[in-house]
Amino acid sequence: MSDLTGMSVAAMQAGLRSGAFSAAELVGAHVAAAEAARPLNLFITETFEAAMEAARAADQALAAGTAGPLAGIPIGIKDLFATRGVRTTAASRILDGFTPTYESHVTARLQAAGAISLGKLNLDEFAMGSSNETSAFGPVVSPIRAAGSDAALVPGGSSGGSSAAVAARVVAAATGTDTGGSIRQPAAFCGIAGIKPTYGRCSRWGIIAFASSLDQAGVLARSVTDCALLLEAMAGFDPRDSTSLDAPVPAWSAALTGDLRGRRVGIPREYRVDGMDAGLDRLWQQGAEWLRDAGAEIVEVSLPHTAQALPTYYIVAPAEASSNLARYDGVRYGLRVVPDGGSLADMYEATRAAGFGPEVRRRIMIGTYVLSAGYYDAYYLKAQKVRALIARDFAEAFARCDLLLTPTAPTGAFPLGARNADPIAMYLNDVFTVPSSLAGLPAMSVPAGTDSAGLPLGLQLIGRPLDEAGVLDAARAIEQRAPAPATPEPWWR
Ligand code: GLN
């Protein structure tokens, strides 16, 4: 691994501008790292040649003084973002052969800022999962291993290709999407930072829909500042997304201080759940100490409907998914399976049976069931009401504090295959991340320490709507005090 691949985005920006290295050298080093990391199965589609061409163009723009803020920065794109002329799969067979003729708003903004994509990163099929094992293109293997073990671990999910690629120094940062934790949990598992902004900050236009009222784009990167730098480029109003927020995008990176004087941080008592790693509980208290040291006042708060968040999410998200995924019918794009002499309905059935994997089918079945005439009131409508109570809990807590501190996930990364047999055990991963998603709040995971096996653990900061600045500052305060996460040994080379 060359020195160029371990740097922060900020250091890359400085090096490119001082002429310490060129964009072609920087991107070339990352392409070499990506080629060496193929055993991790990070990319579904590689665009290394286009990246090298873009790097040469970035060098010209840098020389001419016309370069954007992220010119020459090597990134990866979760393969849920539509990219013009580049195959887009959502890690599903149902999109076989789909090459969009348009570019998602978020990736268009990153391109306009000069960022250079190395390709489309692996994920759980349609972003449904917590371990990147539901991908039709095979699981991602985490670059991280437990101390003294060579067992393969999951990178988290659904943005598992993103978290693993950033942790393995294959890209400087990556886009992710988070519906119930898919940026924060994989960031925690891989010892990196990840932010999901307020619902509506980043346009969903051109992002393949999972659960539209929850889906939100964000960033995975190796530092809080790098997350801020990328998010500044990605966020912003887009009239093509009716839920896009028409709010100014602050210069988050420039305003970062890590100074929390005058801020109150709440510790929600309901987040102390059974089955939580004992070390994680200590780390959570340590995190509160770090924030106190940064000037914050720590208060205990209550979020009474926390236990209802997971069942609520696993009604609302599948309901919306079953509706969103109705469009994959073999007619308009992607896979088409026509049984011999079959009718139109036979084609729909055969296409969907062949195209969707087991987890996606499970979600479609649950979603269709909870929306069906006889069960709508008992499940979907009830879940919508409980969702409102969960949002109210947060609003009441934020009357007493400015930010919340919680763990990101109940445990560190688990071995590949360990939780596949039991969907409920898999869903329990999301217990700390789902409530803020249901409430649409900005939330971030920051590396805070390790478990007894030496695996990374993250702490989560949750803020008021549009207070990404507060979330980033508190995460920065933890980052300044926590031990720096170890760079993974490149055992895959
Ligand atoms: N793990 C959760 C799920 O499977 C969250 C996924 C996500 O945020 N995209 O639905």
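Heads up: the structure comes first, above all this text.
Residues numbered from 1 in each chain as written. Predicted model: local features only at pLDDT ≥ 70, side-chain atom pairs only at ≥ 80, totals over all residues. Heavy atoms only, no water.

For the rest of this paragraph, the subject is the overall build of the protein chain. Across its full length, the protein chain carries 16 helices and 11 strands. For the protein chain, whose C-alpha radius of gyration is 21 Å, the value lies close to the compact-globule estimate of 23 Å for 493 residues. In terms of its C-alpha atoms, the protein chain occupies a principal-axis envelope of roughly 65 × 55 × 50 Å. In the protein chain, which comprises 493 residues, the proportion classed as buried is 60%. Here the protein chain displays about 17,800 Å² of accessible surface, and carbon together with sulfur accounts for 54% of that area. (Helix = DSSP H or I, 4+ residues; strand = E, 2+ residues; numbered from the N terminus. Rg over C-alpha atoms; globule rule 2.2 N^0.38 Å. Buried < 20%, exposed > 50% of the residue type's maximum accessible area, 1.4 Å probe, protein only. Areas by Shrake-Rupley, 256 points an atom, 1.4 Å probe, with all protein chains shown as cover.)

Below, the discussion takes up the state of the cysteines. In this structure the tally under the stated criterion is zero disulfides. Between Cys202, a cysteine without a disulfide, and Cys227, which holds the nearest cysteine sulfur, the sulfur-to-sulfur distance is 12 Å. Overall, the relative accessible area of 1% leaves Cys202 in the buried class. The class of Cys227 is buried, set by a relative accessible area of 0%. (Disulfide = S-S within 2.5 Å.)

Moving on: the packing of aromatic side chains. A complete count under the given rule lists 16 aromatic pairs for this structure. Measuring from centroid to centroid gives 5.2 Å for Phe126 and Tyr328, while their planes differ by 50°, and the two rings are tilted. With Phe126 in the loop between strand E3 (116-121) and helix H5 (160-167) and Tyr328 in the loop between helix H10 (306-324) and helix H11 (344-355), this residue pair connects regions lying 202 residues apart in the sequence. Like Phe126, the residue Tyr328 is buried in the burial classification. Aromatic rings pair up to connect Phe98, Phe126, Tyr328, Tyr333 and Phe356 into one cluster. One residue, Arg145, lies across the ring of Trp491, its end atom 3.7 Å from the ring centre. (Phe/Tyr/Trp six-rings, centres within 6.5 Å; stacked < 30°, edge-to-face > 60°. Lys NZ or Arg CZ within 6 Å of the ring centre and 35° of its normal.)

Once that is clear, we can look at unusual backbone geometry. With omega at 5°, the peptide bond leading from Gly157 into Ser158 counts as cis. Summarising the element assignment, Ser158 is placed in the loop between E3 and H5. Phi angles above zero are rare outside glycine, and Ala90 is one such case at about 55°. Turning to its location among the elements, Ala90 is positioned in the loop between strand E2 (74-78) and helix H4 (105-112).

Unfilled space is identified by rolling a water-sized probe across the atoms. Here the structure, examined in full by the defined rule, presents two cavities of 30 Å³ or more. Approximately 90 Å³ is the volume found for the largest cavity. For the largest cavity, the lining is made up of 15 residues, of which Gly129, Ser130, Ser182, Tyr313 and Asp430 are closest to its centre. Here the lining of the largest cavity is built from residues that sort into five nonpolar, eight polar and two charged. (1 Å grid on protein atoms, 1.4 Å probe; cavity = no way out; pocket = protein on both sides within 12 Å on 5 of 7 lines; lining within 4 Å. Points joined across faces, edges and corners; volume = space filled by probe spheres on them. Nonpolar A, V, L, I, M, F, W, Y, C, P; charged D, E, K, R; others polar.)

Our next topic: the pairing of strand E7 (residues 264-268). Across the five residues that make up E7, a large majority, four, are buried. Note that E7 and strand E8 (residues 297-301) share five bridges and pair parallel. Following the sheet pairing, Gly266 is matched in E8 by Val299. Handedness of the E7-helix H9 (residues 278-293)-E8 crossover: right-handed. Here two bridges tie E7 to strand E9 (residues 403-407), and the two strands are oriented parallel to one another. (Pairing = 2+ DSSP bridges. Right-handed = clockwise from strand over helix to strand, strands pointing away.)

Looking now at the environment of Ala345. Relative to the helices and strands, Ala345 is located in helix H11. Placed 111 residues apart in sequence, Ala345 and Pro456 show a C-alpha to C-alpha distance of 49 Å.

Here we take up the pattern of salt bridges. For the coordinates displayed, the defined rule picks out 20 salt bridges. Ionic pairing is found between Glu297 and Arg264, a salt bridge with its closest N-O pair at 3.4 Å. Here Glu297, found in strand E8, pairs with Arg264, found in strand E7; they are 33 residues apart in sequence, far enough to count as distant. A cluster of three or more residues bridged by salt bridges with shared partners is formed by Glu359, Arg362 and Arg363. (Salt bridge = Lys/Arg side-chain N within 4 Å of Asp/Glu carboxyl O.)

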